[in-house]
Amino acid sequence: MTGSRIVALGHYQPAKVLTNEDLAKLVDTSDEWITSRVGIRTRHVAGPDEPVDELAAHAGAKALASAGLDPADIDLVLVATSTAIDRSPNMAARVAARLGMGSPAVMDLNVVCSGFTHALATADHAVRAGSATRALVIGADKMTEIADWSDRSTCVLVGDGAGAAVVEAAESADGGFAATHAGAIGPVLWGSVPEMGHAVRIEGTPPRFEQVGQTVYRWATTQLPPIARTVCERAGVAPDELAAVVLHQANLRLIEPLAQRIGAVNAVIARDVVDSGNTSAASIPMAFSKLVERGEIRSGAPVLLFGFGGNLSYAGQVVRCP
């Protein structure tokens, strides 16, 4: 039977870095205030001439190079983003054009902070169904473009970047995660709490990012741990067997207690938020790519990917490190 696997990863961040000290010159805040509340020290900021699809294309190109593939080898491009200003061509089509692809299917997914894990599951399903053979899955967001720079509760959080994964078909005895091959993608568990969707918003003209931070924190730390444990159960992996946990990089003060309540006591915990801020859909693939690039996870080891945030939505799966 056909399963799917992640072949390679890639990430990209703009060159400009905004420190907490820089922010203190723009809004009433300080390095101590920011680090004590959200754990962020720096974030990368894209310029006006660096659109979302450019960030996405750089990450995608890096993932393709790591996989040893040509752009023409890809027949499905999925871009998870909530900061695409234009409606058409969509980000996936623009990425395909930038990379010189042939004629792939091109789709954007807007599930905000859980966008990448939704997109990865969609690619997995497409490959399993036989409608795609190789997919390029990207999370990319330019959060600084929708920030309210007069609101210190939100502007200190955001950063820009992109992360990508190449997914392809993989033969296994049962078509499932029981296969131990590197990169194997386990079953997704996804959902939302629509009546609480107002807690995270990107609304208006021009659009602006707003959130009810305490509502999101309580929901994430109390409601999400049992869901994440169920994700592990579906993959046949106990939380204490996880080699790494890559949660949406929302806030260090949220990530650490959430990982603890999941029971991932032996896992490397991704803390890229400290250097990159909240990059929404880019945060999980970017953090995962960096862990792999630094050699902090062995090939074939189980890794929990778990996105959550806007809508209030969530999606997670256990994958084996490529």
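Scroll up to find the structure this text is about.
Residues numbered from 1 in each chain as written. Predicted model: local features only at pLDDT ≥ 70, side-chain atom pairs only at ≥ 80, totals over all residues. Heavy atoms only, no water.

1. Comments concerning the nonpolar core
Rule in force here: Nonpolar core, defined: a set of buried Ala, Val, Leu, Ile, Met, Phe, Trp, Tyr and Cys residues in which side-chain atoms within 4.5 Å join the residues together. Any residue under 20% of the maximum accessible area for its type is buried, any over 50% is exposed, and the rest in between are partly exposed; the area is computed with a 1.4 Å probe on protein chains only. Secondary structure elements are defined from DSSP: runs of H or I of at least 4 residues count as helices, runs of E of at least 2 residues count as strands, and each element is numbered from the N terminus. We call two residues contacting when some pair of their heavy atoms lies within 4.5 Å.
If you look at the biggest cluster of nonpolar residues, it comprises 51 residues, and the most contacted ones within it are L224, L242, L247, L304, F306 and F308. The leading source of residues in this core is helix α7 (residues 213–235), at nine residues. Not counting residues up to four positions away in its chain, the partners in contact with L242 are C232, V237, A264, N266, A267, P302, V303, L304 and V318. A80, A123, A287 and L291 belong to the second-largest nonpolar core, a separate cluster that totals 32 residues.

2. Side note on the pattern of salt bridges
The line we're drawing: Here a salt bridge means any side-chain nitrogen of Lys or Arg lying within 4 Å of a carboxyl oxygen belonging to Asp or Glu.
Counted under the stated rule, the structure contains 13 salt bridges. When the shortest N-O distance is used, the salt bridge between R5 and E168 registers 2.7 Å. Taken together, the residues R5 in strand β1 (residues 2–12) and E168 in strand β7 (residues 160–171) connect sequence positions 163 residues apart. R5 sits in the partly exposed class, given a relative accessible area of 28%. On the accessibility criterion, E168 (12% relative accessible area) is buried. The partner of R294 in a salt bridge is E296, with the nearest N and O atoms 2.6 Å apart.

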